[in-house]
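Remarks on the overall topology
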Protein chains: 4
Amino acid sequence: MHFIMMKLFRVVKRGYYISYAILDNSTIIRLDEDPIKALMRYSENKEVLGDRVTGIDYQSLLKSFQINDIRITKPIDPPEVWGSGISYEMARERYSEENVAKILGKTIYEKVYDAVRPEIFFKATPNRCVGHGEAIAVRSDSEWTLPEPELAVVLDSNGKILGYTIMDDVSARDLEAENPLYLPQSKIYAGCCAFGPVIVTSDEIKNPYSLDITLKIVREGRVFFEGSVNTNKMRRKIEEQIQYLIRDNPIPDGTILTTGTAIVPGRDKGLKDEDIVEITISNIGTLITPVKKRRKIT
Amino acid sequence: MHFIMMKLFRVVKRGYYISYAILDNSTIIRLDEDPIKALMRYSENKEVLGDRVTGIDYQSLLKSFQINDIRITKPIDPPEVWGSGISYEMARERYSEENVAKILGKTIYEKVYDAVRPEIFFKATPNRCVGHGEAIAVRSDSEWTLPEPELAVVLDSNGKILGYTIMDDVSARDLEAENPLYLPQSKIYAGCCAFGPVIVTSDEIKNPYSLDITLKIVREGRVFFEGSVNTNKMRRKIEEQIQYLIRDNPIPDGTILTTGTAIVPGRDKGLKDEDIVEITISNIGTLITPVKKRRKIT
Amino acid sequence: MHFIMMKLFRVVKRGYYISYAILDNSTIIRLDEDPIKALMRYSENKEVLGDRVTGIDYQSLLKSFQINDIRITKPIDPPEVWGSGISYEMARERYSEENVAKILGKTIYEKVYDAVRPEIFFKATPNRCVGHGEAIAVRSDSEWTLPEPELAVVLDSNGKILGYTIMDDVSARDLEAENPLYLPQSKIYAGCCAFGPVIVTSDEIKNPYSLDITLKIVREGRVFFEGSVNTNKMRRKIEEQIQYLIRDNPIPDGTILTTGTAIVPGRDKGLKDEDIVEITISNIGTLITPVKKRRKIT
Amino acid sequence: MHFIMMKLFRVVKRGYYISYAILDNSTIIRLDEDPIKALMRYSENKEVLGDRVTGIDYQSLLKSFQINDIRITKPIDPPEVWGSGISYEMARERYSEENVAKILGKTIYEKVYDAVRPEIFFKATPNRCVGHGEAIAVRSDSEWTLPEPELAVVLDSNGKILGYTIMDDVSARDLEAENPLYLPQSKIYAGCCAFGPVIVTSDEIKNPYSLDITLKIVREGRVFFEGSVNTNKMRRKIEEQIQYLIRDNPIPDGTILTTGTAIVPGRDKGLKDEDIVEITISNIGTLITPVKKRRKIT
């Protein structure tokens, strides 16, 4: 079948993982192969192997997360997830708060902001990621954890973009603020990363620099925080981030790179147990995840 | 067979990976199972499954790296490698150089030094690691890359120590010095990590805090740098590092944690193509790796 | 999904094997799992895991065998195929020809006919079987090879019937006629066995003893032989055959037992290269296979 | 290692299958690879991959079958086992008993004896075979089951001989005698086939037509039957049998063909529960198996 693939999603049903592609928001194709292979095949020659299926109520799955024995999950198992930071235009003062680490008078954020080299970090292994409807986590030792709503790209081993998705680069901001050397602890732990609900191919994202990203935190049924940004504010272009990611650093097919955030809820907006995080990006969709605060083991 | 296992090593022969355990520095056992499973079985009940073999000239393999079609390699494929930093007593001035990032007057290193929470970072995936006799790498964009000679522990998924090894946490110090946000780029790339030549079990390391670590860099046949430290200078105890590593962060069996360094060759001692790095730790052995400078792709 | 599964078929597409179930001869379900597992699940609790698909033109596939890159193939890979013989009522003279082996005056066929114990034989491994549209073979050293059109049952490891299919137990009758000790050579070789095009479940076969079996051999576009029989002529009941098959002889899930033939084209009707064999069984369908005469290697 | 491989055996230890080769009846090599691959590599270039081991008391294993947690087992898992019959010179009367099936006056055995084409039959799948020290079976419905002590060859997919072993082609002679159409039931069932204790390579068997085969049946501690023959009485040469086996019939690497027997204990020598069968072939060894009579399930 040759067509314009739009969205790729995956469900789990009685232990079987099954992948689908959606065409024109109406036709659903059940993929013959692993979704990373399907993205690569599509990227290569605009071809998809699979069957047209009926009876998959995608919209209801997005809303309910689970229908009977079918539960939506991460669209792929990315062998590696990497992140980037300080990639958006931001008010200078944002990056220059008093208590941030400084090098010869400039904060480390300002320094990256002005530098040629971007910030690139290892974000997650696949088992630390969750999908649409699955719970992200707040570390047991963090009092201030924020969602970071971001546009993410799925890459092949050459750094070619196979697709786009929504990623929540959940971060324990208090750890990070205490010391930049705590960044890995802030960034990498069980439930630190959500992405989905779908991966869309480049056909859908004609211009990745004109997408609206919106973040909502819902607490006890009410919108507790809302913010948005357009990717036209991204200064550190995606291709540039990718070039640094793969420099001397081979990545496997299906690696995800998340491209940084510009929406930062404040000090008083840290996630709490049972909050709901909703991230919307135009042309992709809305990623919804509940929040689970881990308990301290003493 | 019940006995005191001393050292575990692995070779590759015509595409087959074969693991051995050495007893009393003389008897060699060929393991029936994957070396991570063997370490777990041994840790559980001091038992090893395997055959006594003859004709394996371990000492010659250590020296020549390859004999006929047998080449020594990484003793295990650790699913994840993590690192720790600022774990040794060091002269205060070391951590407080002028150009290091500071937070309210203190360098970030001093802050970790004084803090309860250690620095823990994601160091490598197995494909980025090399073994004894295999080449570590200097990034194409680094002019100052240093070896970091460290005692490392192999852990099970509960954080229990299954064994000890020598690790070289190779780091692009110029990237790291430029900005702590570049730490992941400094730390994670192809060839960033060497370990081996063996893993020794806890029987061999009665006290991990009384081991001599020596680093030699050999250039054009001469010792270009030499330094040593004893692990009795480790302030941040290994158990403490492990507790932070596994807090809210499940790790797989066979994960390696490297425990930090206190030997830091200076600015003028950066690794060059064709250097040889030798790291010796008492009761474990000597890990030798050549250095390969990556070429810029322009 | 709970429903009456009717027919199960399988295709191969660019190296992927994909299994389908057809409901009410109209709805097509793409199975989530291996077709043997699907048959077992259905047999257990009338349940099928899969998606409704559209665009699979099953009738055209049956006719053309291949549409674009989709080719119909064996519905399952049976780990073992067993056969039974002398299971139908037949004119006594059929079994008592002059040149047939005799024991104390009775032919061996007559003896089986009258005996309690049925004839059961090992027929094929999966790689020796072909599916609908794929070529059956005539041995290079046989001048008289006949198709044997039979009703076959798919069994689980307890001998429970999971489904029914059409089987062609192709046999080199001249080898067999020469000496019963040559039966395995007559019965087992590459291309000795065809089955399909589908497996139907027991719901479809209310009474396996009232099915019409028809055999046509088409040569150069014309019907060269035609014969038929009804399974109501089967004397040796299927359950009886199964009981002897599994006596002291454990079989794996998905084993096929073919239940014997009563249509025997004569001496002058041996298969030739490029003949077409068509076997029809009511409630199952028509299995069509071309014939390929193997060349002698001298 | 390049040397003359003599014998290949395999043990099972805590669920691990481990293969060994014995050199000059003294040096034991633990094989790096699957024993079928090892036989093929050796056959190709007289090379074996493995380590010399000590502490394997092969002679005691042969005698005790199990030492601590190590049990000797089948030397390989042959994907298919085939047999041949009527391959030895025998007194004509042997083949012409009154009650044997006859074709136009000659028994079917006499006919094969005189014919160009040998008898070739499917004997067993790997799960129906046992090794040294493991129990062969008497069918629950057989009153007269005999061992058939035979020289067997291990073949690659081209029919090339990779090695030799001892095989017991256990047969329910009463079923076979009743009707040749019952041969598969006589020949194929759980525990119908034993082979081992080792596979020897062709170096050890300079001339396969000068080997003594001896059969002993031990009942209640005494030799109940003993008989022997030399393979110089084999009329139907092994190569001839192989040529018919592989004619139009592709076999997988590691297939075993057993070459027929000439030792036939009489009517009153049928195997009973708890008998011990010992088969010795010069240059190979002695295969010992207890007998287990299956119980009727009613």
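Remember, predicted model here, so these are calculated numbers, not experimental data. (Residues numbered from 1 in each chain as written. Chains lettered and ligands numbered in written order. Predicted model: local features only at pLDDT ≥ 70, side-chain atom pairs only at ≥ 80, totals over all residues. Heavy atoms only, no water.)

Moving on, we come to the environment of Tyr109(D). Residues and elements named next belong to chain D. Relative to the elements of secondary structure, Tyr109 occurs in helix H3 (residues 108-114). The class of Tyr109 is buried, set by a relative accessible area of 16%. Considered as a pair, Tyr109 and Pro252 are 143 residues apart in the sequence and their alpha carbons are 29 Å apart. (Helix = DSSP H or I, 4+ residues; strand = E, 2+ residues; numbered from the N terminus. Buried < 20%, exposed > 50% of the residue type's maximum accessible area, 1.4 Å probe, protein only.)

Our next topic: the pairing of strand S15 (residues 161-169) of chain D. Residues and elements named next belong to chain D. Buried residues dominate S15, accounting for nine of its nine residues. Sheet topology note: the strand S14 (residues 149-155)/S15 ladder contains seven bridges and is antiparallel. Looking at the pairing, Pro149 lines up with Asp168 of S15. Adjacent in sequence and paired antiparallel, S14 and S15 are bridged by five residues, among which Gly159 carries a positive phi angle near 85°. For S15 and strand S17 (residues 193-200), the ladder comprises five bridges, and the chain directions are antiparallel. Across the sheet, Asp169 pairs through a bridge with Cys193, a residue of S17. (Pairing = 2+ DSSP bridges.)

Turning to the interface of chain C and chain A, a few remarks are in order. Contacts between the two partners involve 20 residues from chain C and, on the opposite side, 20 residues from chain A. When chain C packs against chain A, the two sides together hide about 1700 Å² of surface, and 38% of this comes from carbon and sulfur. Our enumeration of links across chain C and chain A arrives at eight salt bridges. Here Asp32(C) makes a salt bridge to Arg30(A), at a shortest N to O gap of 2.6 Å. At the boundary of chain C with chain A, the tally comes to 18 residue pairs in polar contact (both at pLDDT 80 or more). Among the residues forming the side of chain C that touches chain A, the class breakdown is seven nonpolar, two polar and eleven charged. Relative to strand S4 (residues 50-54) of chain C, strand S4 (residues 50-54) of chain A runs antiparallel, the two sharing three bridges. Bridge pairing in S4(C) links Val53(A) to Val53(C). (Contact = heavy atoms within 4.5 Å. Buried area = accessible area lost by both parts, 1.4 Å probe. Salt bridge = Lys/Arg side-chain N within 4 Å of Asp/Glu carboxyl O. Polar contact = N/O pair within 3.5 Å; in protein donor to acceptor, adjacent residues only side chain to side chain. Nonpolar A, V, L, I, M, F, W, Y, C, P; charged D, E, K, R; others polar.)

Attention shifts here to the domain arrangement of chain A. All names here are of chain A. Partitioning chain A into domains gives domain 1 (7-73) and domain 2 (81-293). One C-alpha centre belongs to domain 1, the other to domain 2; they are set 25 Å apart. Facing the 16 residues of domain 1 at the interface are 20 residues of domain 2. Where domain 1 abuts domain 2, roughly 1500 Å² becomes buried across the two surfaces, and 60% of that area is made up of carbon and sulfur atoms. Per-residue buried area on domain 1 facing domain 2 is highest for Lys7, Leu39 and Phe65; these three make up 34% of the total on that side. Among the salt bridges present, the one from Arg71 reaches Glu134, with a minimum N-O distance of 2.5 Å. Inspection of the region where domain 1 meets domain 2 yields seven residue pairs in polar contact (both at pLDDT 80 or more). Those elements that place two or more of their residues in the side of domain 1 that touches domain 2 are strand S1 (7-13), helix H1 (35-45), helix H2 (58-64) and strand S6 (70-73). Per-element accounting of the side of domain 1 that touches domain 2 gives the leading share, six residues, to H1. (Domains from an automatic or database assignment.)

This next bit is on helix H1 (residues 35-45) of chain C. Counting along an α-helix, one turn takes 3.6 residues, and residues three or four places apart therefore face a common direction. All names here are of chain C. Looking at H1, one finds that the buried residues are Pro35, Ile36, Ala38, Leu39 and Tyr42. Along H1, the residues classed as buried sweep out an arc of 160° about the axis, all on the same side. Away from its buried face, by an angle of more than 90 degrees, H1 presents the exposed residues Lys37 and Glu44. Elements in contact with the buried residues of H1: strand S1 (7-13), strand S2 (16-23), strand S3 (27-31), strand S14 (149-155), strand S15 (161-169) and strand S17 (193-200). The backbone nitrogen of Ile36 has a side-chain oxygen 2.9 Å away, supplied by the residue at the start of H1, namely Asp34. Two residues or fewer past H1, Lys46 is found with a positive phi of approximately 55°. (Arc of directions from axis to C-beta.)

Quick look at the sheet that holds strand S22 (residues 285-293) of chain A now. Sheets are built from strands that pair by backbone hydrogen bonding, the pairs being arranged parallel or antiparallel. Residue and element names in this part refer to chain A. Strand order across the open sheet formed by five strands is S12-S22-S21-S18-S19, with mixed pairing between neighbours. Of all strands in the sheet, those bounded by a partner on one side alone are strand S12 (136-138) and strand S19 (222-230). Here the average twist between neighbouring strands, direction ignored, is 20°. When strand S18 (residues 212-219) meets strand S21 (residues 276-281), the two strands line up antiparallel, connected through six bridges. By the bridge assignment for S21, Thr214 is matched with Thr280. (Axes fitted to C-alpha atoms, helices over the stretch in contact; angles between N-to-C directions.)

A few words now on the packing of aromatic side chains. Counted under the stated rule, the structure contains 14 aromatic pairs over all chains. Relative to Phe122(B), the ring of Trp82(B) has its centre 5.2 Å away and its plane inclined at 80°; by these criteria the two rings are edge-to-face. Of the two residues, Trp82(B) is situated in strand S7 (residues 81-85) and Phe122(B) in strand S10 (residues 119-124); the sequence distance between them amounts to 40 residues. Residue class for Phe122(B) comes out buried when judged on its relative accessible area of 4%. Aromatic rings pair up to connect Trp82(A), Phe122(A), Trp82(B) and Phe122(B) into one cluster. Positioned above the aromatic ring of Tyr244(B) is the side chain of Arg247(B), whose terminal nitrogen or guanidinium carbon lies 4.5 Å from the ring centre. (Phe/Tyr/Trp six-rings, centres within 6.5 Å; stacked < 30°, edge-to-face > 60°. Lys NZ or Arg CZ within 6 Å of the ring centre and 35° of its normal.)

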